[in-house]
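Here is what each chain is made of, one letter per residue.
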Amino acid sequence: MSRSVLKRAVGVVRGAASSMPRRTPSLPESANPPARLSLISRHLAPEYPINTPYTIERLPDTIDTSRLPKTQTRKLSYSATMSSQPPHPTLLIPGPIEFDDAVLQSMSHFSESHVGPTFVATFGETLTMLRKLFQTTDSSAQPFVISGSGTLGWDIVAANLVEAGEHVLVLGTGYFSDGFADCLRVYGADVTELKAPVGSRPQLPEIEKALSEKKYKMITVTHVDTSTGVLSELEKLSELVHRVSPDTLFIVDGVCSVACEEIAFDAWKLDGVVTASQKAIGCPAGLSISMFSGRAIKALENRKTPVAAYFASMNKWLPIMKNYENKKPSYFATPSPQLIHSLHTALTQILAQPLSERFAAHKAASDKIKKAVADLGLKQLASNPDDQAHGMTAIYLPETVKQAEILPQLAKRGVVFAGGIHKEVATRYIRFGHMGVSILDPRRGDVDRAVKALEEGLSECGYQKA
Ligand SMILES: *Cc1c(COP(=O)(O)O)cnc(C)c1O
């Protein structure tokens, strides 16, 4: 492509971008011009396939298309609305989710020392922002960001906060609570699983009974079990635990809930929440993110036996996290500066708006999706509306439609859903993830497109609503 064409195109894109509503902070234009140019030029490269059906729809009305050559209109539409990402099927699985451009671009940061002052400042700010995301102002609470996926959070909890032979009550909601229980057993915990039928969660009276039968060091709950779309209610559960068994640590797997479901760490007296970067936080995968209470840190200090983990040892990471937040360089194992930059951008965007609005937006989108699913005559795994997650929906397929038929139909329409993973019903349902930019940036039209694709895809598979 000639330079002048590229320049003209960039001009159009910039003009369009500046007249569009900017809801979220993005990379300053000056931050990385060569990267921006190469990203934009990739879209304009004539050989780049533009093959999704929604190209034109996405063109913002601020561009006067009549003044552009036809071929360029098609190509520019992506540059203007998704300026750094090549056209791709919309990823609507329960994580990883679609990424905001600025979050993604933050990863193309030049290399810097992981103990240099600029990176240490970025990491420190990231930790401080996490306190806001978890709604904690208690200085004894401690955020951790460690390279790894969400699963590392289970290892951190299991290796540090329980000792071999101690009792843990795991509230069983599906695949992910089973995984947490397995992990706890690996480190020697004596685990009792209180399992609910598929699509529901253990109820408070049975939890109360279990808690009064034995002295538990810890209770764990999967806030949103991503295998079923079941949401657990944390506030009342925490009240119960603190009333019936006040010494028991209350630990939450928030991998699929942090940043799309309300979590009030202090107000709900939580002792630990573990999560990951790639779900509602909307940052590439690779970071285990957690928050622990002063009480949890005390439990670590009061251990009688040494922690049987090295990389997952909170004792190793605790001083590092404190130092980073105090802008002091220190080292235990090399963090990923690029991922931390990306998380910093994601958190800056999340906190640019009141959290309550973010949660409300996810709830509104979820209500709309669940209504559309019901209108199609379909059922969810989580049958009780109070137990339904707001960042994903697990949908039973009609008896006549197979997962292996519907998923390709959705893909043909530019939408990616996930299959089922709960072992009892895995082949009978699909999962629709609706978190982050797909919800918060209505210009994308992701939800409407996905609902339409589901409707058309089912009909293509021969399904007619009864
Ligand atoms: C995704 C998920 C995990 C595991 O996270 P990974 O990043 O895949 O290791 C754990 N718990 C829940 C609830 C999840 O949704």
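These figures come from a predicted structure and were not determined experimentally. Residue indices follow the written sequence of each chain, beginning from 1 at its first position. Totals for whole chains, interfaces and linings use every residue, but because this is a predicted model, local features are given only for residues with pLDDT of at least 70 and side-chain atom pairs only at 80 or more, for both listing and counting.

### Brief notes about the overall build of the protein chain
When helices and strands are counted, the protein chain shows 16 helices and 14 strands. With C-beta atoms placed from the backbone, a residue is labelled by how many other C-beta atoms lie within 10 Å of its own: buried for 20 or more, exposed for 12 or fewer, partly exposed between the two. Counting every position in the protein chain, which comprises 466 residues, the buried fraction comes to 44%. Working definition of a contact: two residues with C-beta atoms, positioned from the backbone, lying within 7 Å. For the protein chain, long-range pairs separated by at least 24 residues make up 73% of all intrachain contacts whose partners lie at least 6 apart in sequence. Helix and strand labels come from DSSP, where a helix needs a run of H or I of at least four residues and a strand needs a run of E of at least two; each type is numbered from the N terminus.

### Remarks on the pairing of strand E14 (residues 429-433)
Counting buried residues along E14, 5 of its 5 residues qualify, which places the element largely inside the surrounding structure. Burial along E14 is two-sided: the residues Tyr429, Arg431 and Gly433 and Ile430 and Phe432 are all buried. In this structure, strand E11 (residues 392-396) lies alongside E14, joined through 5 bridges in antiparallel fashion. In the sheet register, Thr393 faces E14, and the bridge partner there is Phe432. Here strand E13 (residues 418-419) runs beside E14; their pairing, made up of 2 bridges, is antiparallel. Residue pairing across strands places Ala418 opposite Arg431, the latter belonging to E14. In this description, strands pair whenever DSSP reports at least two bridges between them.

### Let's talk about the environment of Gln105
Mapped onto the secondary structure, Gln105 falls in helix H4 (residues 101-105). Taking the C-alpha atoms as reference, Gln105 lies 9.3 Å from His341; in sequence the two are 236 residues apart.

### Observations regarding the environment of Val191
You can see Val191 is positioned in strand E4 (residues 190-195). By the C-beta count within 10 Å, which is 20 here, Val191 ends up buried. In this structure the C-alpha to C-alpha distance between Val191 and Leu169, which are 22 residues apart in sequence, comes to 6.0 Å. Not counting the four nearest positions on each side in its chain, Val191 is found in contact with Val168, Val170, Ala181, Leu184 and Arg185.

### Quick notes on the sheet that holds E13
What the 3 strands build is an open sheet, ordered E11-E14-E13; its pairing is antiparallel. In this open sheet, the two edge strands, each paired with only one partner strand, are E11 and E13.

### A short note on the sheet that holds strand E5 (residues 218-222)
Strand pairing in a sheet is mediated by backbone hydrogen bonds. Such pairs are either parallel or antiparallel. Ordered by their spatial adjacency, 7 strands build an open sheet running E2-E10-E9-E8-E5-E3-E4, and the pairing between neighbours is mixed. What marks the edges here is a single partner per strand, and that holds for strand E2 (142-147) and E4. For this sheet, the mean angle separating the axes of adjacent strands, direction not counted, is 20°. Note: E5 against strand E8 (residues 249-253), 5 bridges, orientation parallel. Bridge pairing in E8 places Met218 opposite Leu249. Orientation is described by lines fitted to C-alpha atoms, with helices fitted over the stretch in contact, and by angles between N-to-C directions that extend from 0 to 180 degrees. In the packing of helix H6 (residues 151-160) onto the sheet, contacts are made with E2, E8, strand E9 (272-276) and strand E10 (287-292), and the angle to E9 comes to roughly 155°.

### Structural notes on the confidence of the model for the protein chain
Caution is warranted with low-pLDDT regions, since their predicted coordinates should not be read in detail. Averaged over the protein chain, the pLDDT score is 87; the fraction of residues at 70 or greater is 82%. One number per residue, pLDDT, summarises how confident the predictor is, and it ranges from 0 to 100. In the predicted structure, residues 1-80 sits below a pLDDT of 50 and forms 88 contacts with residues beyond four places in sequence or in another chain.

### Re helix H7 (residues 175-186)
Structural remark: α-helix, 3.6 residues per turn; residues separated by three or four positions point the same way. Between its terminal C-alpha atoms H7 stretches 17 Å, which fits the 16 Å expected from 12 residues at 1.5 Å a residue. Check the buried side of H7 and you find it contacts H6, strand E3 (167-172), E4, E5, strand E6 (224-225) and E8. In the stretch just after H7, Gly188 is the one whose phi turns positive, near 95°. To estimate how far a helix should extend, the number of its residues minus one is multiplied by 1.5 Å.

### Considering the site of the ligand
Close contacts around the ligand come from Gly95, Ser149, Gly150, Thr151, Phe176, Thr222, Thr226, Asp253, Val255, Cys256 and Ala276, and that covers them all. Classifying every residue of the shell around the ligand gives 4 nonpolar, 6 polar and 1 charged. Residues are counted as near a molecule or strand when the C-beta atom, derived from backbone positions, lies within 6 Å of that molecule or strand. Under this grouping Gly is polar, as are all residues other than the nonpolar Ala, Val, Leu, Ile, Met, Phe, Trp, Tyr, Cys and Pro and the charged Asp, Glu, Lys and Arg.

### Comments concerning the pairing of E4
Of the strand pairs in this sheet, E3 and E4 are connected by 6 bridges, and their pairing is parallel. What sits directly across from Leu171, in E4, is Leu194. Here a crossover is taken to be right-handed if, once the strands point away from the viewer, the path from the first strand over the helix to the second is traced clockwise. On the question of chirality, the crossover connecting E3 to the parallel E4 by way of H7 is right-handed.

### So, unusual backbone geometry
Note: most residues except glycine have negative phi, and most peptide bonds are trans. Residue Pro96 is reached from Gly95 by a cis peptide bond, and omega for that bond is -5°. Assignment of secondary structure puts Pro96 in the loop between strand E1 (90-91) and H4. Residue Lys269 is not a glycine yet carries a positive backbone phi of 50°. Along the polypeptide, Lys269 turns up in the loop between E8 and E9. Positive phi outside glycine occurs at Lys327, with the angle close to 60°. With respect to the helices, strands and loops of the structure, Lys327 is situated in the loop between helix H11 (314-325) and helix H12 (337-351).

### Observations regarding the packing of helix H5 (residues 117-133) against H12
The angle between the axes and the distance between the axes are what describe a pair of packed helices. Close contact between H5 and H12 brings their axes to 9 Å; oriented N to C, the two are set at 40°. As the angle between them shows, H5 and H12 are arranged oblique. Relative to H12, the crossing made by H5 is left-handed. Contact residues: H5 offers Phe119, Thr122, Phe123, Glu125, Thr126, Met129, Leu130, Lys132 and Leu133, while H12 offers Pro337, Ile340, His341, Leu343, His344, Leu347, Ile350 and Leu351. The residue inventory of the contact of H5 with H12, partitioned by class, reads 11 nonpolar, 4 polar and 2 charged. Here the angle decides the label: under 35 degrees means roughly parallel, over 145 means roughly antiparallel, 65 to 115 means roughly perpendicular, and every other value means oblique. If you view the pair so one helix is near and one far, a crossing is left-handed when the near helix is turned anticlockwise from the far one by less than a right angle, and right-handed when it is turned clockwise.

### Let's talk about the packing of helix H8 (residues 204-213) against helix H9 (residues 234-244)
H9 packs onto H8 with a crossing angle of 25° between their chain directions and a minimal axis gap of 10 Å. One finds that H8 runs roughly parallel with respect to H9. In this structure, H8 crosses over H9, and the sense of that crossing is right-handed. Two secondary-structure elements touch here, H8 through Leu204, Ile207, Glu208, Leu211 and Ser212 and H9 through Lys236, Leu237, Leu240, Val241 and Val244. Looking at side-chain class alone, the contact of H8 with H9 contains 7 nonpolar, 1 polar and 2 charged residues.

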